[in-house]
Amino acid sequence: MRTATRRMATGAVLALLATIFVGGTAHAAEADTAPAGPEQFTTRVITTGLDNPFEVVEGPDRMLWVTERGAGRVVRVDPKTGGRTIALTVPDVLVTAGAQDGLLGMALHPELLSGGRGQYVYLAYTYDADASAELDRRVKLVRYTDNRPSQTLSSPVTLISGLPGSYDHNSGRLVFGPDAKLYYSIGDSGNNQFANYCKPILAQRTPTEQEVRGKNWIAYQGKILRLNLDGSVPNDNPVIDRVRSHVYSYGHRNPQGLTFGARSTLYSNEHGPKSDDEINLIRAGGNYGWPHVSGYRDDKSYEYENWSAARNCASLGWDPYAPAPASVPKQRETSFTAPNLVEPLQTFYTVDNGHNWQDPKCAAAYYICWPGIAPSSLKYLERSRVRGWNNSLLMTTLKDGTIYRVPLTDDGRRTGAAMPLWSSVNRYRDVAFNSTGTVFYAVTDSSGQVRDTQGAPTSQLANPGALLEYSYRG
Ligand SMILES: [Ca+2]
Ligand SMILES: [Ca+2]
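Residues numbered from 1 in each chain as written. Chains lettered and ligands numbered in written order. Predicted model: local features only at pLDDT ≥ 70, side-chain atom pairs only at ≥ 80, totals over all residues. Heavy atoms only, no water.

Below, the discussion takes up the sheet that holds strand β3 (residues 64-68). Taken in spatial order, the 4 strands of this open sheet run β2-β3-β4-β5, and their pairing is antiparallel. Every other strand in the sheet has two partners, leaving β2 (53-58) and β5 (84-89) as the edge strands with one partner each. Between one strand and the next, the sheet's axes are offset by a mean angle of 20°, whatever the strand orientation. Relative to strand β4 (residues 73-77), β3 runs antiparallel, the two sharing 5 bridges. The residue of β4 that forms the bridge with Val66 is Val75. (Pairing = 2+ DSSP bridges. Helix = DSSP H or I, 4+ residues; strand = E, 2+ residues; numbered from the N terminus. Axes fitted to C-alpha atoms, helices over the stretch in contact; angles between N-to-C directions.)

Here's what the structure looks like:
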């Protein structure tokens, strides 16, 4: 923080000198219109010790509403004092140590605390759907009602249950759309890799009419869903393979970011395998390619190896660095065709064939050096008093220790280069901003690996489980 302050002071003096001594109004004008950089912000730790916070949003009460994935709690944090109150501890949340399950996304009804009828908070979380000792990890979306006198959430109503849940790749972002529908992202369960390498990826599998009627949501893996506020299927959802369901778009891997832009454009970002993290513009009925296509359909550094289709899968060992055995079917990206295939707006990053996935700098954890950033959230900023920031996406990352701003074109259909904003040795999980768009808030994971200042892996996080504030100095 002190370094940033010093940099800012020096920058301001230089800008002033440039204006006075260079005398060129063009110089001054340029300095005045360049988008603000991180040095124009003051950083502050609001609070620490949150249990893997997942979602942060500024409520109409100007408190910061946070979900703690690990503790299964909704807390309201006073941004001035860091004081927090528990609004809810979800009674039936399932949390497994080291897993990606627990309390995930949260969306506030736009009428919350306005005196209207919509005094609701929507939550997504994993639970055990099996009453016996067996574990059946599923996800449900539940609506809670805000109770002002006690400042707690109560009267849960389950909107939908039995959604696919996993140890890995749950995604879990929940958004209240401008069309008063709920949007929810579900990952591919982390299948076809690590301990799940013999389980098939179902991101291309769309539900049958019979499954929808029977409330069997198995095919909702690797999808973005669109739901009515009561959990039912909207009658204007896209018809995909002759079936209308909650599925809005498909072919996703792990879309953890989901946000609406201007003109009802919907954006998502998702984790690629070793490369090709993506930002996508989401269209109704769009196919985003996974697992046949990763990033662009360019045959660069990725080929779909379908381990589950190998007859002897269980006897094979999964190795991310060795070529897959001959019995594992392989498919080049360009051999996959789909009329509704949608390529990303941008990737982080696409690399050429022959890339070295075992950078010696990351010998302790090679994936930290893979050419990706692990995007964990995306939030659209329409208007901001921060210079040059209108019409932007803010993107948090887990591996990269950086929050980025991604400028959008006026029509919102293309993105410009991602600009790094705030960097630290932290796994940034989500970002929010206040009503004027001049104060930004980020939450960080409680543990995990990230790139250190030299780009090597470390698990020594600077601010574990924190809520951080970045205030624009103008
Ligand atoms: Ca894709
Ligand atoms: Ca590709």
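This part covers the nonpolar core. If you look at the biggest cluster of nonpolar residues, it comprises 23 residues, and the most contacted ones within it are Tyr122, Leu141, Leu163, Leu174 and Tyr184. Looking at this core, the elements with two or more residues in it are β6 (103-108), β7 (120-128), β8 (137-147), β9 (152-164), β10 (174-176), β11 (182-186), β12 (223-227) and β15 (247-250). Counting 18 residues, the second-largest nonpolar core is a separate cluster that includes Ala87, Met106, Tyr125 and Tyr144. (Core = buried A, V, L, I, M, F, W, Y, C linked by side-chain atoms within 4.5 Å. Buried < 20%, exposed > 50% of the residue type's maximum accessible area, 1.4 Å probe, protein only.)

So, on to the state of the cysteines. Counted by the stated rule, this structure contains 2 disulfides. Through a disulfide, Cys198 is tied to Cys313; the S-S separation comes to 2.0 Å. Where Cys198 bonds to Cys313 through sulfur, the torsion about that S-S bond is close to -100°, and the disulfide is left-handed. Here Cys313 lies in the loop between β19 (303-305) and β20 (330-332) and Cys198 lies in the loop between β11 and α3 (209-213), a separation of 115 residues in the sequence. The disulfide partner of Cys362 is Cys369, and the gap between their sulfur atoms is 1.9 Å. Disulfide Cys362-Cys369: torsion about the S-S bond near 65°, hence right-handed. Across the pair, exposure class does not vary: Cys362 and Cys369 are buried alike. Counting its disulfide-bonded cysteines in sequence order, the protein shows a connectivity of 1-2, 3-4. (Disulfide = S-S within 2.5 Å.)

It is common to report an interface's size as the accessible area lost on association of the parts. Splitting the protein by domain gives domain 1 (1-34) and domain 2 (39-472). Here the C-alpha centroids of domain 1 and domain 2 sit 38 Å apart. (Domains from an automatic or database assignment.)

Attention shifts here to the sheet that holds strand β26 (residues 428-433). If you walk across this open sheet you meet the 4 strands as β1-β30-β27-β26, and the pairing is antiparallel. Looking at which strands have only one partner, the edges of the open sheet turn out to be β1 (41-47) and β26. Mean inter-strand twist for the sheet, computed between neighbouring axes without regard to direction, equals 25°.

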